[in-house]
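One letter stands for each residue in the lines below.
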Amino acid sequence: MDKQFSLLIDGQLVPGAATFDVINPATETVLTQAPRADMAQLDAAVAAAKRAFPAWAARSQDDRAALIDQLAEAVHARQEDFAQLLTAEQGKPLDQARGEMMATYFVLKAFAGMRVTDKVLREEGGNTVIEHRTPLGVCAAITPWNFPVVLLANKLGPCLLTGNTMVAKPAPTTPLTTLLLGEVIAQILPPGVVNVIADVNDLGGALSTHADVAKVAFTGSTATGKKVMASAASGVKRVTLELGGNDAAIVLDDMPAKLAAEKVYQGAMVNAGQVCVAIKRAYVHETVYDEFLEEITRLAQDAVVDEGTRQGVTIGPVQNKMQFDKVSALLADARERGTVLAGGAPLDRPGYFIAPTIVADLDDDAPLVREEQFGPVLPVLKFSDVDDVIARANDSDYGLGGTVWGKDVARAMDVARRIDTGTVWVNQHLAIDPAIPFRGVRQSGLGGELGEAGLLEYTQAHIINAVSLPA
């Protein structure tokens, strides 16, 4: 790759203090080198965001929204550039990369259309109380490698609309699309409003503890999220944590098995299973279990696993060596404990490829059932009693999402109400809407993204309590 990438600090595209290799997960070869920021550049980025904050916060919401809308259109105009780069660094099939870029466009457009308004809490007897919302200041956005662009947009849109400024730090295995976004931002937003740095996982703590950072918005693993939360505690910073999940799908006895298998397969295997709310375990009623297994096994066996730009590819590689090794270890254990019906091992070829895998006959305490695999591997478990399966689905440290599948929608919704997660979908999965809040419970996160709730995460509630003086 001939293109040179730069950091964005105070409106200027600048080289890093050093560089680091970015690996193509489909070939295990160096794609290019990315600029690596040092502490001085991190401090410069935060300082630039702090300087830009007063003027940016003083603009009207309409002015800020117009620039967010302009940014959305500029990103959309370069959708193919972003998608090609995203497939190269992340590994997902090109159609899914284009889908992420469309989602990025819609998220930015959605936030450009939102507004924060004063809320009247009391207006009686000469007493007026309003809740006014003010921006926080400099926000840090730390983003993951599975959806590096749209998960930044989820933070960027509400941060900017509410009058905050930002320092963004992408995952070191997928920094390139975020750095490209920095190039687009440099042409549209005032200097310092958004700054982009890249590292090799050595600056996250410094960013989270920085005295001039008011909020940290993090998406990633639960283990790293705990570290971010601990770091932010030193300054009592606001945090939004969107963390891991072990999402259960429950297929009820009145659900057509073939349709259920198709939908669950899609929900489990998109982006090679590297989705925080991918279906991670499927519980299927005993009356439809055998037919479901037969169909989902066929779908897995028919998948086309290859480099993401090739025609007809449905599954790309796992994104990085560390995750590849983790999934490989879970597979080895599952082969010992259960019955592998499709896939079951890494492919014997360059790249971090794992064939879509379906595993039956596992106990609920198997690591593949208990842990978040974050790869193209799905355990399928049988149930006979609805109360029992709800208890099994809820027996997890996680609580991000889940799905219930059944022809009787009212009955399925009753089951959904008893699933202890931030979101439960019925007869659909991954129905993410920028207007609808998304949040986790327990160790799946803190706070929320998207919707009005996500917008308000970037504000401080400010109460104004006034009384009229006697005549």
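### Remarks on the side chain of Gln-41
Inspection of the secondary structure puts Gln-41 in helix 1 (residues 39–58). With a relative accessible area of 14%, Gln-41 lands in the buried category. Residues in contact with Gln-41, not counting those within four places in the same chain, are Leu-7, Ile-9, Val-14, Pro-15, Gly-16, Ala-17, Arg-36 and Ile-197.

### A few points about the environment of Thr-421
Tracing the chain through its elements places Thr-421 in the loop between helix 14 (409–417) and strand 18 (425–426). You can call Thr-421 buried: its relative accessible area is 18%. It is 34 Å that separates the C-alpha atoms of Thr-421 and Asp-212, two residues lying 209 residues apart in sequence. If near-sequence neighbours (up to four positions away) are discounted, Thr-421 is found in contact with Gly-399, Leu-400, Gly-401, Gly-402 and Val-441. Among the polar contacts made by the side chain of Thr-421, one reaches the main-chain carbonyl oxygen of Thr-423 at a distance of 2.9 Å.

### Overview of the pattern of salt bridges
Counted according to the given criterion, the structure contains 28 salt bridges. Its salt-bridge partner being Arg-370, residue Asp-395 comes within 3.2 Å of it at the nearest N-O pair. Separated by 25 residues along the polypeptide, Asp-395 in the loop between helix 13 (386–394) and strand 17 (402–405) and Arg-370 in helix 12 (residues 367–370) bring together distant segments of the chain. Among the charged side chains, a salt-bridge network with shared partners connects Asp-69, Glu-73 and Lys-109.

### Notes on empty space enclosed by the protein
Per the counting criterion, the structure on display carries one cavity of 30 Å³ or more. The calculated volume of the largest cavity comes to roughly 90 Å³. Around the largest cavity, the lining comprises 17 residues; the ones closest to its centre are Asn-246, Arg-281, Ala-393, Gly-401 and Thr-421. Listed by contribution, the elements that provide at least two residues to the lining of the largest cavity are strand 12 (247–251) and helix 13. When the residues that make up the lining of the largest cavity are grouped by side-chain class, the tally is five nonpolar, eight polar and four charged.

### Points about the sheet that holds strand 18
Judged by pairing direction, the sheet is mixed, and its seven strands sit side by side in the order 14-15-16-13-12-17-18 without closing on themselves. Each end of this open sheet is capped by a strand with a single partner; those strands are strand 14 (339–342) and strand 18. Pairing of strand 17 with strand 18, which is carried by two bridges, proceeds in the parallel orientation. Bridge pairing links Val-404 to Val-426 in strand 18.

Reading the values: the criteria
Sequence positions are assigned chain by chain, starting from 1 and proceeding in written order. Reporting of local features is limited, given that this is a predicted model, to residues whose pLDDT is at least 70; pairs of side-chain atoms are given and counted only at 80 or more, and all residues count toward the totals for whole chains, interfaces and linings. Excluding hydrogens and water, the side-chain figures rest on all heavy atoms present in the structure. For helices the rule is a DSSP run of H or I covering at least 4 residues; for strands it is a run of E covering at least 2, with both sets numbered from the N terminus onward. Each residue is placed in one exposure class: buried if its accessible area under a 1.4 Å probe, protein chains only, is under 20% of its type's maximum, exposed if it is over 50%, and partly exposed if it falls in between. We call two residues in contact whenever any of their non-hydrogen atoms come within 4.5 Å of each other. Polar contact criterion, stated in full: a pair of N or O atoms within 3.5 Å, where within protein one must be able to donate a hydrogen and the other to accept it, and residues adjacent in sequence count only if both atoms are side-chain atoms. Whenever a carboxyl oxygen of Asp or Glu lies within 4 Å of a side-chain nitrogen of Lys or Arg, that contact is scored as a salt bridge. With a 1 Å grid laid over protein atoms only, a set of points is called a cavity when a 1.4 Å probe fits there but cannot get out and a pocket when it is open yet has protein on both sides within 12 Å along at least five of seven lines; lining residues have an atom within 4 Å of a point. Grid points are joined across faces, edges and corners, and a volume is the space filled by probe spheres set on the points. For this classification, the nonpolar set comprises Ala, Val, Leu, Ile, Met, Phe, Trp, Tyr, Cys and Pro, the charged set comprises Asp, Glu, Lys and Arg, and every other residue, Gly included, is treated as polar. Here, any two strands with at least 2 DSSP bridges between them count as paired.

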